[in-house]
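# Breakdown of the fold
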Amino acid sequence: MLKRYLFAWSKSEVKVFDSDILVLGSGIAGLYTAIKVSEHFQVTVLTKKTIEKSNTEHAQGGIAVAIDEADSPTLHFEDTLRAGAGLCDPLTVRILVEEGPSCVEELMGMGAQFDRLDGELALTREAAHSQRRILHALGDATGWEVERALVAKAKESSNVTVGEGRFVVDLLEDHKGDIIGALVLNETTGELEGHLAKAVVLATGGLGQVYRYTTNPSVATGDGMAVALRAGADLMDMEFVQFHPTALLIPKAPRFLISEAVRGEGAYLINSAGLRFMENVPGKELAPRDIVARAIWQEMNQGSVYLDFRPIGQKRILERFPTIYQTCLNYGIDVLSTPLPVAPAAHYMMGGIATNSYGETSLPNLYAAGECACNGVHGANRLASNSLLDGLVFGARIVEKMGDKIEAKRPSWDEVHCPEGNLKHIGTEMKRSVRRFDGQGLRKRIQDLMWDNVGILRNEAGLRKTAELLMAWEQDDFSTCCVDDLETANMLMVGAVIAKAAFERKESRGAHFRSDYPLRLDELWQKHSRQHKEGYHVCYVPVSGAD
Ligand code: SIN
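Definitions and cut-offs
Residues numbered from 1 in each chain as written. Predicted model: local features only at pLDDT ≥ 70, side-chain atom pairs only at ≥ 80, totals over all residues. Heavy atoms only, no water. Helix = DSSP H or I, 4+ residues; strand = E, 2+ residues; numbered from the N terminus. Rg over C-alpha atoms; globule rule 2.2 N^0.38 Å. Buried < 20%, exposed > 50% of the residue type's maximum accessible area, 1.4 Å probe, protein only. Contact = heavy atoms within 4.5 Å. Areas by Shrake-Rupley, 256 points an atom, 1.4 Å probe, with all protein chains shown as cover. Axes fitted to C-alpha atoms, helices over the stretch in contact; angles between N-to-C directions. Left-handed = near helix turned anticlockwise from the far one by under 90°. Nonpolar A, V, L, I, M, F, W, Y, C, P; charged D, E, K, R; others polar. Phe/Tyr/Trp six-rings, centres within 6.5 Å; stacked < 30°, edge-to-face > 60°. Expected span 1.5 Å × (residues − 1). Bend = angle between axes of the 7 residues up to and from the residue. Patch = residues over 30% accessible without salt bridge, like charges linked within 9 Å, V, L, I, M, F, W, Y side chains within 5 Å. Salt bridge = Lys/Arg side-chain N within 4 Å of Asp/Glu carboxyl O. Lys, Arg positive; Asp, Glu negative; His and termini not counted. Charge placed at Lys NZ, Arg CZ, Asp CG, Glu CD. Pairing = 2+ DSSP bridges. Core = buried A, V, L, I, M, F, W, Y, C linked by side-chain atoms within 4.5 Å. Near = heavy atom within 4 Å. Polar contact = N/O pair within 3.5 Å; in protein donor to acceptor, adjacent residues only side chain to side chain. Parallel < 35°, antiparallel > 145°, perpendicular 65-115°, else oblique.

Attention shifts here to the overall build of the protein. Counting secondary structure elements, the protein contains 16 helices and 23 strands. In terms of C-alpha radius of gyration, the protein reaches 22 Å, essentially the compact-globule figure of 24 Å for 547 residues. The 547 residues of the protein split such that 64% are buried. Contacts spanning at least 24 positions in sequence make up 73% of the contacts within the protein whose residues lie at least 6 apart. For the protein, the accessible area works out to roughly 19,800 Å², and carbon and sulfur atoms hold 51% of it.

And the structure:
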């Protein structure tokens, strides 16, 4: 049984705020939802660091959307399902590809500017797409441009209040178990805040930091999934973590993302002998992401792997990939003339808080969107550049749904159910800030275990050991209000969930590859995993709308 709260607290020590809607997270899903909902309601957006800091800001490749004459939502649908390895829900994928174009148009209306060629929107290709359908901005800084536009738009609205430096500790519920807000730590003042709302939207992003090597920024520690789980919401498909095939591999440098669009524009993967080792694989360098990542991983047993940009041509490299070019140059590699050493890194969580096609979770008044949510669109392996689209489409559908469901009255602090009997009351700031464990050491151990045993290649022994260790450590007391350590506690919880789900799935599918069960077994395993707070237990539900 998991803890209900990350640490003990009492109602009397909390400073109370309220709004109609509370949005946690400020990436594409959080801000787009907040802006749209602010047309009808007063919204508070809380974010862990600064408003711009999220996975969205780091997205390079772009947004996949079927707008070209040669393309269609049906082709986009088919590509998404094929990449998802039998685990996409056709119903939500259909919604994604059909509602995507109007959401992207609305995003452009909010100020996002995408690259154009002769006045027309420029489209590139990425792995496993049958068409050129990826919109991009500033060459390879799509996420930065999207975030810039949404931040500016949110700041214009008098109905949106933004709180930075707010770490969500846990969700708050009333006596019926309905979610009525969130308990939040204000990093600047050190105070605990209670943010009450008629509905809460979790849009807190991913969890790449759970792994030793990741393309994700430091904020991606799985907080939203952990708070949802502690409050009793279901998580789904947590064994499916996507490893991006190409991140920069330089000793001591972070694994900076090298966009798939680089291969989409013609770059080759080569080994130490200069050979194109993907040449005989269907799709070559543009095979689905899980296949390319595993091929690189295996090749790395023999030596280094490089991404050779030179087939793209110098002019095109500078035009399309200015950020990648400059970043690599800062690390001493000129991609115009020299192949770049690359390796896979944890990149995206396909699973997350289980939602229906309107972003509703299993808990009343709690919605989720973006990477922290799982509505079945990504299956076992997300199609490149479908994630920003997912944030838009399902963010918009939350707003559609909320309109009908929102209560007239805001909840009051008296309604908050804080079962004192379940808590070991600590009460004072002083006591809570005592560090009882080596947070940094623990974080590193989690990251190493996850990378070594729950990474690109998995097996029974490694998964069992990791799940058991993490579940045991999770029972420790995290009596601290240091945000780094609270994040580590969340990483421990979501790491244990991933390891347990991966241990239970005895087959290989998409990004989940078991060396001891290397085959995809549809008859037994074409189903979603679900976990909730009863001791990480895994149960299964059918893929909805599958043939
Ligand atoms: C990339 O640019 O390769 C990342 C795009 C994505 O993760 O969808």
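Moving on, we come to the packing of helix α1 (residues 28-37) against helix α11 (residues 387-405). It is the contact of α1 with α11, at a shortest axis distance of 8 Å, that shows an interaxial angle of 30°. Crossing handedness for the pair α1 and α11: right-handed. Along its contact with α1, which presents I28, A29, Y32, T33, K36 and V37, the element α11 presents L388, G391, L392, G395, A396, I398, V399 and M402. Looking at side-chain class alone, the contact of α1 with α11 contains 10 nonpolar, 3 polar and 1 charged residues.

What follows is about the packing of aromatic side chains. For any pair of aromatic rings, the description consists of the separation of the ring centres together with the inter-plane angle of the planes. Counted under the stated rule, the structure contains 6 aromatic pairs. A centroid spacing of 6.0 Å and a plane angle of 70° characterise the contact between F243 and W451, whose relative ring orientation is edge-to-face. Separated by 208 residues along the polypeptide, F243 in strand β15 (residues 241-248) and W451 in helix α13 (residues 439-453) bring together distant segments of the chain. W451 matches F243 in its accessibility class, with the two residues each being buried.

Residues spaced three or four apart along an α-helix point in a common direction, a consequence of the helix completing one turn every 3.6 residues. Between its first and last C-alpha, helix α4 (residues 90-109) extends 29 Å over 20 residues, near the 28 Å set by a 1.5 Å rise per residue. Taking the largest bend as the criterion, α4 deviates by roughly 45°, centred on G100, and proline P101 comes between one and four positions later. Three or more residues of α4 are buried, namely P90, T92, V93, I95, L96, V97, G100, C103, V104 and L107. Backbone geometry just after α4 places G111 at a positive phi near 115°.

A contiguous patch of negative charge on the surface is contributed by D68, E69, D118 and E120. Structurally, E69 is set in the loop between β4 (63-64) and α3 (73-83). Owing to a relative accessible area of 83%, E69 belongs among the exposed residues under this scheme.

Attention shifts here to the sheet that holds β15. Here we have 4 strands laid out as an open sheet, ordered β15-β18-β17-β16, and antiparallel in their pairing. The open sheet is flanked by β15 and β16 (268-271), the only strands paired with a single partner. Here the average twist between neighbouring strands, direction ignored, is 50°. Sheet topology note: the β15/strand β18 (residues 340-349) ladder contains 6 bridges and is antiparallel. What sits directly across from V241, in β18, is M349.

On to the nonpolar core. L24, L171, L202, Y211, M225, I353 and I498 are the most contacted members of the largest nonpolar core, which has 57 residues in total. Sorting elements by how many residues they give to this core places helix α15 (residues 483-504) first, with 10 residues. Judged by nonpolar contacts, the second largest core, of 53 residues, contains V43, I51, A59 and M110.

Near the ligand you find Q60, G61, H244, L257, S259, E260, R289, H347, R382, A384 and S385, and these make up its full shell. Backbone polar atom of E260 to an oxygen atom of the ligand: 2.6 Å apart, as the coordinates give it. Computed on the free molecule, the ligand has an accessible area of 260 Å², of which 95% lies beneath the protein chains in the complex. For the shell around the ligand, the residue count by class is 2 nonpolar, 6 polar and 3 charged.

The final tally for this structure, using the stated rule, is 48 salt bridges. The residue R212 makes a salt bridge to D452 at a minimum N-O spacing of 2.6 Å. Taken as a pair, R212 in the loop between β13 (199-202) and α6 (223-231) and D452 in helix α13 lie far apart in primary sequence, 240 residues in all. In this structure D452 comes out as partly exposed when scored by relative accessible area, which is 47%.

A few words now on the side chain of S54. Mapping S54 onto the fold places it in the loop between β3 (43-46) and α2 (55-58). By relative accessible area, S54 is classed as buried at 9%. For S54, the side chain forms a polar contact with the main-chain nitrogen of T56, separated by 3.2 Å. Residues contacting S54, with those up to four places away along its chain left out, are S26, G27, E147, P217 and V219.

What follows deals with the sheet that holds strand β10 (residues 166-173). Judged by pairing direction, the sheet is mixed, and its 4 strands sit side by side in the order β1-β12-β11-β10 without closing on themselves. The open sheet is flanked by β1 (14-18) and β10, the only strands paired with a single partner. Strand-to-strand twist of the sheet, defined as the mean angle between neighbouring strand axes without regard to direction, takes the value 25°. Here strand β11 (residues 179-186) runs beside strand β12 (residues 192-196); their pairing, made up of 5 bridges, is antiparallel. The residue bridging A182 from the neighbouring strand is H195, located in β12. Running at roughly 20° to β10, α6 makes contact with β10 and β11 of the sheet.

On to the packing of α4 against α11. In the contact formed by α4 and α11, the axes pass within 8 Å of each other and the chain directions differ by 90°. With respect to each other, α4 and α11 are oriented roughly perpendicular. Residues T92, I95, L96, E99, G100, C103, V104 and L107 of α4 touch α11, and the partners they reach there are L389, D390, L392, V393, F394, A396 and R397. Class assignment for the residues of the contact of α4 with α11 results in 10 nonpolar, 2 polar and 3 charged.

Take a nonpolar patch on the surface next. Residues L519, L521 and L524 make up a contiguous nonpolar surface patch of roughly 290 Å² in combined accessible area. The residue L519 is located in the loop between α15 and α16 (522-525) in this model. For L519, a relative accessible area of 59% puts it in the exposed group.

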